[in-house]
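As a plain string of letters, each chain reads:
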Amino acid sequence: MVDARSFRDALGRFATGVAFVTAAPGGEPAGLIVNSLASVSLEPPLVSFAPSRGSLTWSRMRRAGWVGVNVLGRKQEGFVMEATPAGADRFELAWEPGPHGTPLLADALASFECEVVAEHVAGDHWIVVGRVAHLTGLAPPREPLVFFDGTFSGLAARPWA
């Protein structure tokens, strides 16, 4: 039997990126921080992320049918620390609505809008699959925000970039 704490610790040894997933249900911006963003397919372009099934924010966001995915850099670590707790103000950074109305950060490493095409129950989380419909804000490579062993760190961009 695998206990939850040991499993969490083991998964903590896998470094992940950090993204801010956004939507505008009823025209009001909503968002959540995820470290579960994954590329699913290039043709068609699909991504996935896994919000908690208990997330009140995701329960509101899913009604929009579209999400923005904002890949965060190391310089947004402070924002993530402040935006992660439930009820936090998650829209202090500059953003603009994308073509489908999702909030896209002005200073993300990359931002794109996705139509939600599937949502699957997976234990205590959802696996949400989005079809990428619009890319914007592809920034020059710089230090990404990385989550590893329960803490944030960076990863230096290629020196020749």
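Residues numbered from 1 in each chain as written. Predicted model: local features only at pLDDT ≥ 70, side-chain atom pairs only at ≥ 80, totals over all residues. Heavy atoms only, no water.

A. Structural context of the overall build of the protein. In terms of helices and strands, the protein carries three helices and twelve strands. Taken against the 2.2 N^0.38 rule, which gives 15 Å for 161 residues, the C-alpha radius of gyration of the protein at 15 Å falls within 12% of a compact globule. Counting only C-alpha atoms and orienting by the principal axes, one finds that the protein spans roughly 45 × 40 × 35 Å. Taken across its 161 residues, the protein has 35% of its residues classed as buried. Roughly 9200 Å² of accessible area belongs to the protein as shown, and the carbon and sulfur atoms make up 59% of that amount. Seen as two clouds, the 13 positive and the 16 negative side-chain charges of the protein have centres 3 Å apart. (Helix = DSSP H or I, 4+ residues; strand = E, 2+ residues; numbered from the N terminus. Rg over C-alpha atoms; globule rule 2.2 N^0.38 Å. Buried < 20%, exposed > 50% of the residue type's maximum accessible area, 1.4 Å probe, protein only. Areas by Shrake-Rupley, 256 points an atom, 1.4 Å probe, with all protein chains shown as cover. Lys, Arg positive; Asp, Glu negative; His and termini not counted. Charge placed at Lys NZ, Arg CZ, Asp CG, Glu CD.)

B. The pattern of salt bridges, seen in detail. Taken as a whole and judged by the stated rule, the model has eight salt bridges. Ionic pairing is found between Glu 119 and Arg 62, a salt bridge with its closest N-O pair at 2.3 Å. Of the two residues, Glu 119 sits in strand S9 (residues 110-122) while Arg 62 sits in the loop between helix H2 (56-61) and strand S6 (66-71), which places them 57 residues apart along the sequence. Taking relative accessible area as the criterion, Arg 62 reaches 29% and is therefore assigned partly exposed. A single network of salt bridges, built from pairs that share partners, joins Arg 74, Glu 77 and Glu 143. (Salt bridge = Lys/Arg side-chain N within 4 Å of Asp/Glu carboxyl O.)

C. How the structure looks around the packing of aromatic side chains. Taken as a whole and judged by the stated rule, the model has five aromatic pairs. Taken together, a centroid distance of 5.6 Å and an interplanar angle of 65 degrees make the contact between Phe 91 and Trp 95 edge-to-face. When its relative accessible area of 30% is taken as the criterion, Trp 95 is described as partly exposed. Each ring, one from Phe 147 and one from Phe 152, has its centre 5.1 Å from the other, and the planes form 55 degrees; the classification is tilted. (Phe/Tyr/Trp six-rings, centres within 6.5 Å; stacked < 30°, edge-to-face > 60°.)

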